[in-house]
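Structural description and commentary
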Amino acid sequence: MSRVIGIDLGTTNSCVAVIDGGKPIVIPNPGGYKTTPSMFAISQDGKRLVGHLAKRQAITNATNTIFASKRLIGRRFDSEEVRRSVELCPYSIVRGENDDPRIGISDKTFTCPEIAAILLRDMKNVAEEYLGEKVSDAVITVPAHFNDTQRQCTKDAGKIAGLNVLRILNEPTAAALAYGIGREVEEKIAVYDLGGGTFDISIVELGEGVVEVLATNGNTFLGGEDLDLRLVDHLLKEFEAQEGIDLRHDAMALQRLKDAAEKAKCDLSAMQTTEVNLPFIANDASGPRHLNLSVERETLEELVRDVVEQTLGCVSQCLDDAQLGVEDVDHVVLVGGQTRMPLVQKLVAEYFGKRPHRGVSPDEVVAVGACIQGSVLTTDETDVLLLDVTPLSLGIATFDGHFAALIPRNSTVPVMKSHVFTTTRDEQSAVKIRVMQGESTLAADNDLLGEFILNSIPPARKGEPEIEVAFDIDANGIVSVSARDLATQSEQSITVSARGTLSEEEVEALGREHAEFELPEEK
Amino acid sequence: MPQLVPGWEEKASVLSTEEGFLLSRIDGETSWAGLRAVSGVASERVDECLERWLQDGAVTLAALGRPVRDDPAGGGIDPSLDLSAEFQERILAFERGLDRPYHVLLGVSQDADAREVKRAYFRLSKDFHPDRYFGRELGHFGPRLDRIFKKIALAYELLQDPSTRAELARSLAGQPRGASNAGSSEKRRWLERMRRQFQIPEEILAERKFRARQLCESALVAGHQKRWKEAAACIRLAIAFDPWTEAYKESFGDIQVEVNRQRAEELLSEADGAWDARSRSEALALYDEVLHYRPADAEAHGRAAQLALELEDFERALEYAERACELSPESASHHFTRGRVLRRRGMRKKAIEAFDAARRLDPEDPRAQEEIRKLRQRSERTPGGNS
């Protein structure tokens, strides 16, 4: 069996790792970098560029360069998150056939799974070139708080990229696995994962070769990108105050600003103050204008403090779910590039009352964990068992528009739970079971995963029939739901085939289309 | 509709409580589905029993045919699968016992602390979690592993939570064995309601009670003559016919202990000294149950410790052995067993202490002395080694 690669498909950077000679290694790309920007562009002359090549030309080709597309994957076009991205991104985001957001660059339109597939394909190629052998099996990570649609879209992306996705793994869980492997002690750790676009927190218990996730929480739209945007906004305002010019509608200027802001943010992790120099950023009647501003670490910290504090709200919710206090946590592990920021480290340390662990590389640990899980699933070499949880509650919509959770979030999978419901009208002969996922008590605020009808309920007064609804999640995360009339034992069930934003046929077709980017096999 | 064939008693003689209960519900008027609904027995078990009785000729089907089975999986050991035959056996055995009380399922005592419960759960997870067999050809064992893991995860969840745990303990104390499947209270309430709907007419009720009394008497006689299996079968039937008399349930527990003990010893003698893992693990499971009823039985703990030791389940062996020594500190053989377990776990110093205790209690037996000599010898060979 060929080797399994682990891919951390990040919002800003991606990373691939594999077990080689019994040890996980992070595979450098041909440029020698261990992480690759999650960017895709079509150049002026029609060439497809991925990774560093795409990033390098982003400024001069802003409208044709896609970044942070992970923030759109699996969402509805009408969602708040997509609306915010439309406002902020230099590339165009349009409504797709399935009400999904699609990205238009250089007269072509791409679905989000397709973009993810292009990035995954690149990672696959990096691994194949390094290993000198074909790779087909992969474990891909997603933010713990991704819902079923987002996960399925990521799986579809893998398929389009010619990968057999063995498992979709939660990012903080992967990090915990990488941290916990080979540690024989029993301890509870908190994995604080602040990446480019998402935030996750997981409380994990280690011991006896088992990694048990106790609880997980997060926000799929909160990350380093938001910090960059705060700084961009600050720079825009400063520049407008100085020069009286609004750069908000100049795509190229915005891209340059974004780039400079990201760099300034990183610089400020090491320095107290930094300069942002962007010559010829604008032109008006009086000639060219240059942006030349200095930014203090303190200024940046003030700008973003509330964003970072927002993460701590998720942390305390997560601790509550795990029924633990901060004092029960033995170690805090920081994951994600954004945790390099001193302010983040300071607030986390203050919250937990202990200094975070510094043994793991925040950019690489997730990919490492993913390849470990790949090895755990396919070989006997790695003796560790991961007990992961379902991050979002699963349940059904009730007749009054409420949501009744049957499998609460943070239940260890596989899991089966059942509950008895009844009818709401006299002589009601059928009930519609609407399977939903989410945390709101209102059904409408949660995601609909599927629905089916249980009929042939014998005539009875309302409230009398008893309908047992059973939810089942298997180890691969596949949800099936059955409803049974306890009096007649008649039963209906569905497998909730998690639907991405693309149909199976579309995924197949895109897979064929993208097969041309496969590396030629060496003879 | 299933109905009883005259002379069924001989054909379905050895019955468990639930089988007995089910049998008592066969009146020629309740349909197969109805039996599934009212018997309080898992649907699969109802199907299984009825199928068997049909084959044995104890039951016939009138008019309505049998319903479609819930679980067509069936099947036993399949050497073509990607699982060792021993493990397939273990899966089947464990699954048969899935309805045991949760702490028995996890293999911990009823008062085990949170850490012990967690460790037992982790240990069983490493054996039964479907991820351990990812991508393998598992046949019908795939769904079985899935079911087993879900059940142990549920057991862990309920035992970890002090409030649900207290409730479980209460319900266990108030109910006979077999009815401990405290899964959902809704289900139980529903069953109660169903039972009320299927009300039993007075004269049938009186006859049932009479039958139960007779059976109980036979049970007492059989028990007196140490024919424990027969006694258990009778008392089970008595409970089935008359589930309202608590005294039957009480004597059932006592008899069950003896049956298990007897069966375990039989299994062991059948094994004929050969290393037969299957009968040993079955015997151990039986002792497990004996201990459930007799938590202060030192001899049973000692036997269980020996069995676990032979099965190389050292952690359990140590638990049993320690308990045995605690309960009967004057018994040399318990200390000796404990010493052997400790030695296998590599805890040399403690092992020597245990053997030393055994030697002091029974100076006649040279085995403890021999073990100590060997252990000391080894420690000389590896200087600096500790514990």
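The structure presented is a predicted model; accordingly, all values stated were derived computationally and were not measured.

Looking only at helices and strands, chain B has 19 helices and two strands in total. Out of the 387 residues in chain B, the part that is buried amounts to 37%. Considering only contacts within chain B whose residues lie at least 6 apart along the sequence, 58% involve residues at least 24 apart.

Turning our eyes to something else, we now look at the overall build of chain A. When its secondary structure is counted, chain A shows eleven helices and 29 strands. Counting over 523 residues, chain A shows a buried share of 50%. Here the analysis covers contacts within chain A between residues at least 6 apart in sequence; of these, 67% occur between residues at least 24 apart.

Our focus in this paragraph is the sheet that holds strand β18 (residues 331-335) of chain A. All names here are of chain A. Pairing is mixed across the open sheet formed by five strands, whose spatial order is β18-β13-β14-β15-β19. The two strands at the open ends of the sheet, each matched to only one other strand, are β18 and β19 (385-387). Ignoring which end each strand starts from, the neighbouring axes of this sheet average 25 degrees apart. Bridge count for strand β13 (residues 187-194) against strand β14 (residues 199-207) is eight bridges, and the pairing is antiparallel. Its bridge partner being in β14, Leu194 is matched across the sheet by Phe199.

Taken residue by residue, the interface counts 20 residues in chain A and 20 residues in chain B. Those elements that place two or more of their residues in the side of chain A that touches chain B are α10 (365-378), β19 and β24 (415-421) of chain A. Sorting elements by how many residues they give to the side of chain A that touches chain B places β24(A) first, with four residues. Of the residues assigned to the side of chain A that touches chain B, the class counts are eleven nonpolar, six polar and three charged.

A few words now on the pairing of strand β22 (residues 403-407) of chain A. Sheet faces and side chains relate simply in a regular strand, where the side chains alternate between the two faces. Residue and element names in this part refer to chain A. With respect to burial, β22 is a largely interior element, four of its five residues being buried. The pairing of strand β21 (residues 394-397) with β22 spans four bridges and is antiparallel. When the bridges of β22 are listed, Ala397 appears paired with Phe403. The antiparallel hairpin formed by β21 and β22 contains five residues in its connecting segment, where Gly401 sits at a positive phi of about 85 degrees.

This part is about the confidence of the model for chain B. Residues and elements named next belong to chain B. On average, residues of chain B score 76 in pLDDT, and 74% of them are at 70 or above. Across chain B, the secondary-structure element scoring lowest on mean pLDDT is helix α10 (residues 185-197), at 57, and the one scoring highest is helix α7 (residues 114-128), at 92. Scored below 50 in pLDDT, residues 63-73 makes 14 contacts in the model with residues more than four places away or belonging to other chains. Within the model, pLDDT remains below 50 along residues 175-183, and this stretch shows 14 contacts once partners closer than five positions in the same chain are excluded. For this predicted complex, the interface score ipTM comes out at 0.86, alongside a pTM of 0.69.

All names here are of chain A. Direction vectors running N to C along helix α6 (residues 224-243) and helix α8 (residues 297-321) enclose 135 degrees, while the axes themselves pass 10 Å from each other. As far as their axial angle goes, α8 and α6 are oblique. The handedness of the crossing between α6 and α8 comes out as right-handed. Across the interface between the two elements, Asp226, Leu227, Arg230, Leu231 and His234 of α6 pack against Leu300, Leu303, Val304 and Val307 of α8. Of the residues contributing to the contact of α6 with α8, the split by class is six nonpolar, one polar and two charged.

Attention shifts here to the pairing of strand β28 (residues 479-485) of chain A. All names here are of chain A. Because side chains alternate across β28, one face comprises the buried residues Val479, Val481, Ala483 and Asp485, and the other comprises Ser480, Ser482 and Arg484, none of which is buried. With seven bridges joining them, strand β27 (residues 467-473) and β28 adopt antiparallel strand pairing. From the neighbouring strand, Ile473 faces β28, where its bridge partner is Val479. In textbook terms, the turn of a hairpin is the stretch between consecutive antiparallel strands, and for β27 and β28 this stretch comprises five residues, one of which, Gly477, has a positive phi near 85 degrees. Pairing of β28 with strand β29 (residues 491-496) involves six bridges; the strand directions are antiparallel. Paired with Val481 across the two strands is Ile494, which belongs to β29.

Looking now at helix α5 (residues 85-96) of chain B. Because an α-helix completes one turn every 3.6 residues, residues spaced three or four positions apart along the sequence face the same direction. Residue and element names in this part refer to chain B. Between the first and last C-alpha of α5 there are 17 Å, a value that for twelve residues agrees with the 16 Å anticipated at 1.5 Å per step. Within the span of α5, buried status applies to Gln88, Ile91 and Phe94. Buried residues of α5, seen end-on, are gathered within an arc of 130 degrees and therefore sit on one face of the element. Exposed positions of α5 whose direction lies more than 90 degrees from the buried face are Ala85, Glu86 and Arg96. The inward-facing, buried residues of α5 contact α8 (141-160).

With that settled, consider the sheet that holds strand β7 (residues 65-66) of chain A. Residues and elements named next belong to chain A. Ordered by their spatial adjacency, three strands build an open sheet running β6-β5-β7, and the pairing between neighbours is antiparallel. The strands lining the two open edges of the sheet, one partner per strand, are β6 (48-50) and β7. Examined bridge by bridge, strand β5 (residues 40-42) and β6 share three bridges and lie antiparallel to one another. The residue bridging Ala41 from the neighbouring strand is Leu49, located in β6.

Turning to the confidence of the model for chain A, a few remarks are in order. For chain A, the average pLDDT comes to 90, and 99% of its residues sit at 70 or higher. The secondary-structure element of chain A with the lowest mean pLDDT is β29(A), recorded at 80, while strand β1 (residues 4-9) of chain A shows the highest, at 97.

Quick look at unusual backbone geometry now. All names here are of chain A. Here the amide bond leading from Val413 into Pro414 is cis, since omega sits at -5 degrees, within 30 degrees of zero. Along the chain, the position of Pro414 falls in the loop between β23 (411-412) and β24. The residue Ala68 is not glycine, and still its phi comes out positive at about 50 degrees. With respect to the helices and strands, Ala68 occurs in the loop between β7 and α2 (80-88).

Before going further, it helps to examine the nonpolar core. If you look at the biggest cluster of nonpolar residues, it comprises 174 residues, and the most contacted ones within it are Cys371(A), Leu106(B) and Ile152(B). With ten residues, helix α3 (residues 112-131) of chain A is the single largest residue contributor to this core. Residues within four places of Leu106(B) in sequence aside, it is in contact with Val117(B), Ala120(B), Tyr121(B), Leu124(B), Ile152(B), Ala155(B), Tyr156(B) and Leu159(B).

What follows covers the packing of α6(A) against helix α7 (residues 251-270) of chain A. Residue and element names in this part refer to chain A. Between α6 and α7, the shortest axis-to-axis distance is 9 Å and the interhelical angle comes to 115 degrees. For the element pair α6 / α7, the angle class is roughly perpendicular. For the pair α6 and α7, the crossing hand works out as right-handed. Residue-level contacts link Leu227, Asp228, Leu231, Val232, Leu235 and Leu236 of α6 to Leu257, Lys258, Ala261, Glu262, Ala264 and Lys265 of α7. Class assignment for the residues of the contact of α6 with α7 results in eight nonpolar, no polar and four charged.

Residues and elements named next belong to chain A. Topologically, Asp200 is positioned in strand β14. For the pair Asp200 and Cys318, spaced 118 residues apart in sequence, the C-alpha separation works out to 9.8 Å. Once residues within four sequence positions are removed from consideration, Asp200 is found in contact with Pro143, Ala144, His145, Glu171, Pro172, Asp193, Thr216 and Gly218.

Along the chain, Leu303(A) falls in helix α8. Residues contacting Leu303(A), with those up to four places away along its chain left out, are Arg230(A), Leu231(A) and His234(A).

Reading the values: rules and limits
- Residues numbered from 1 in each chain as written.
- Chains lettered and ligands numbered in written order.
- Predicted model: local features only at pLDDT ≥ 70, side-chain atom pairs only at ≥ 80, totals over all residues.
- Helix = DSSP H or I, 4+ residues; strand = E, 2+ residues; numbered from the N terminus.
- Buried ≥ 20, exposed ≤ 12 C-beta atoms within 10 Å, placed from the backbone.
- Contact = placed C-beta atoms within 7 Å.
- Pairing = 2+ DSSP bridges.
- Axes fitted to C-alpha atoms, helices over the stretch in contact; angles between N-to-C directions.
- Nonpolar A, V, L, I, M, F, W, Y, C, P; charged D, E, K, R; others polar.
- pLDDT = per-residue confidence, 0-100.
- Parallel < 35°, antiparallel > 145°, perpendicular 65-115°, else oblique.
- Left-handed = near helix turned anticlockwise from the far one by under 90°.
- Expected span 1.5 Å × (residues − 1).
- Arc of directions from axis to C-beta.
- Core = buried A, V, L, I, M, F, W, Y, C linked by C-beta atoms within 7 Å.

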